[in-house]
Each structure stands twice: as structure tokens, then as C-alpha cells.
Amino acid sequence: MHLDLRNRRSVPSRLLAEPGPNLQQLRDMLNIASRVPDHGGLVPWRFLRLAPAAREALGQLLAQRAIERDPNIDEAGVRKERLRFSHAPEVVVVIGCYQQAHRIPVIEQQHTSACVCFSLLQAAQATGFSAQWLTGWAAYDETVQHFLGVQPNEVIVGFIHIGSAKEELAERPRPTLDSLLQEFSA
Ligand SMILES: Cc1cc2nc3c(=O)[nH]c(=O)nc-3n(C[C@H](O)[C@H](O)[C@H](O)COP(=O)(O)O)c2cc1C
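Since this is a predicted model, take the numbers as computed values, not measurements.

A.B. asks: Go over the pairing of strand E5 (residues 154-165), please, and point to the residues and values.
C.D. replies: Counted residue by residue, E5 has 10 buried out of 12 residues, so it is predominantly covered. As paired strands, strand E1 (residues 16-17) and E5 are joined by two bridges and run antiparallel to one another. Considered in E5, the bridge of Leu16 is made with Ala165. Relative to E5, strand E3 (residues 90-97) runs antiparallel, the two being bridged by eight bridges. Looking across to E5, one finds that Gly96 is bridged to Val155. The pairing of strand E4 (residues 130-134) with E5 spans five bridges and is antiparallel. Paired with Leu134 across the bridge in E5 is Phe159.

Given below as C-alpha cells:
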């Protein structure tokens, strides 16, 4: 499938199903996603591919943490947390690895790692799949970070869920170019 950049969109993770990309397709996407602008060539990101059993274990952990965070959470809420990583057939965690004391400002390293996430979304769509970039509370939860082996100088930039869209989706409102663009002349 051809990616028309004019039509790129996300598909919510709960609407992503099989087929997912095979290993070759996934590696191809990750190679595409790695061709990002990178000031200083620091390569401030890495990928973590979650195996199916790991996604299940992560879901269990999320359910447990959700109860610890909010003891009043209802059963439906716990179930939602448990299934968060079980909808899409593929989930890749993009981890940002930043050098604090470097001439390249951390914010620029963050920009690069964010580009990786977006580039991966584009690569997924260009390969005929759909995807969504999610963070949610789990990305910032220390127990989850520890479970995934995220180091002190690292952050979870995004969970990229990849699969095939189960249904056609309505377009969301997009800003018009005229609301964004000003001509500047000195
Ligand atoms: C850094 C980042 C984190 C996001 N985290 C979430 C999230 O946790 N939950 C959510 O519903 N959408 C989240 N989104 C929004 C979706 O990725 C996406 O933008 C939205 O589904 C609209 O899709 P679009 O790409 O077609 O505009 C996040 C977006 C970004 C850039």
C-alpha cells in the first residue's frame, strides 16, 4: 500500500488486529524509522519489541499498578488496563536515551526520538499497516519502566502499536493550513 502523506492517520490500538507485520516487514519499518535527523549523531533512542507473553505480563502489571494507584478503580477499569497491550499484534517501545551533559541540548535529543516515533507511524502505514503512538500513565510509571529495563538516563517516548485496522474510521478535525500559516516579511 502506498503512503499518501496527505492521508496519514492513526488507528486506535483497540481497533488494530491481525495481520501484523512479519519480522522482515517490522525490521524494514524500524530501519525506515531510524533514518531521522539527529544533531550530533548521538542516536538517542532504542527499540524494544514486546513478545506476546511479555505483552500479557505487562498487562497484568498494569492491572496491578492501576489498583495500587486507585484502590477504587472498578472491574471494567482494571480489565481495560490489563488489555492495553493485547489488542494490536505488534507493540514496539521507543526508548529515548539522552546525554545530559552534552553540547547537543537534551531537547534536541528528545526531538530526534520523537521523530523516530512519527517516522515509525509513517513506515507502518507505507507498508500497508496502521499504527498508534501511545504513552498514557504507564510510560511514566516507575514500576513499568523498571519492568521494561528502562535506565535512569532513559524515558519511554512511546508505545507504538501496529496492526491492521478492523474498521474504517471517520477523520478527526484537522487544523486548516490558513489557521497555521502566517507570512512574515521584514
Ligand atoms: C507523545 C504522544 C503521546 C500520546 N499518547 C496518547 C495516549 O496515551 N492516549 C491516546 O488516546 N492518544 C495518545 N496520543 C495521540 C495519538 O497518538 C494520536 O495522535 C491520535 O490517536 C490521533 O491520531 P492522528 O495521528 O490520526 O492524528 C499521543 C500522541 C503523542 C504525540
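A.B. asks: Break down unusual backbone geometry for me, with residues and values.
C.D. replies: One can expect most non-glycine residues to show negative phi and most peptide bonds to be in trans. Following Glu18, the chain continues into Pro19 via a peptide bond in cis, with omega recorded as 0°. Position of Pro19 among the secondary structure elements: in the loop between E1 and helix H1 (23-33). A positive phi is found at Val43, a non-glycine position, where the angle reads about 50°. Looking at the secondary structure, you find Val43 in the loop between H1 and strand E2 (45-49).

A.B. asks: I'd like a rundown of the site of the ligand, residues and numbers included.
C.D. replies: Around the ligand lies a shell formed by Arg8, Arg9, Ser10, Gln132, Trp133, Leu134, Thr135, Gly136, Arg172 and Arg174. Between the ligand and the protein, one listed contact pairs an oxygen atom with a side-chain N or O atom of Arg8 at 2.8 Å. Between an oxygen atom of the ligand and a main-chain N or O atom of Trp133, the distance comes to 2.6 Å. About the coverage of the ligand: the protein hides 58% of its 630 Å² of free accessible area. Across the shell around the ligand, the residue classes tally to two nonpolar, four polar and four charged.

Reading guide: rules and limits
Residues numbered from 1 in each chain as written. Predicted model: local features only at pLDDT ≥ 70, side-chain atom pairs only at ≥ 80, totals over all residues. Heavy atoms only, no water. Buried < 20%, exposed > 50% of the residue type's maximum accessible area, 1.4 Å probe, protein only. Helix = DSSP H or I, 4+ residues; strand = E, 2+ residues; numbered from the N terminus. Pairing = 2+ DSSP bridges. Near = heavy atom within 4 Å. Polar contact = N/O pair within 3.5 Å; in protein donor to acceptor, adjacent residues only side chain to side chain. Areas by Shrake-Rupley, 256 points an atom, 1.4 Å probe, with all protein chains shown as cover. Nonpolar A, V, L, I, M, F, W, Y, C, P; charged D, E, K, R; others polar.

None of this, on its own, says anything about what the molecule does.
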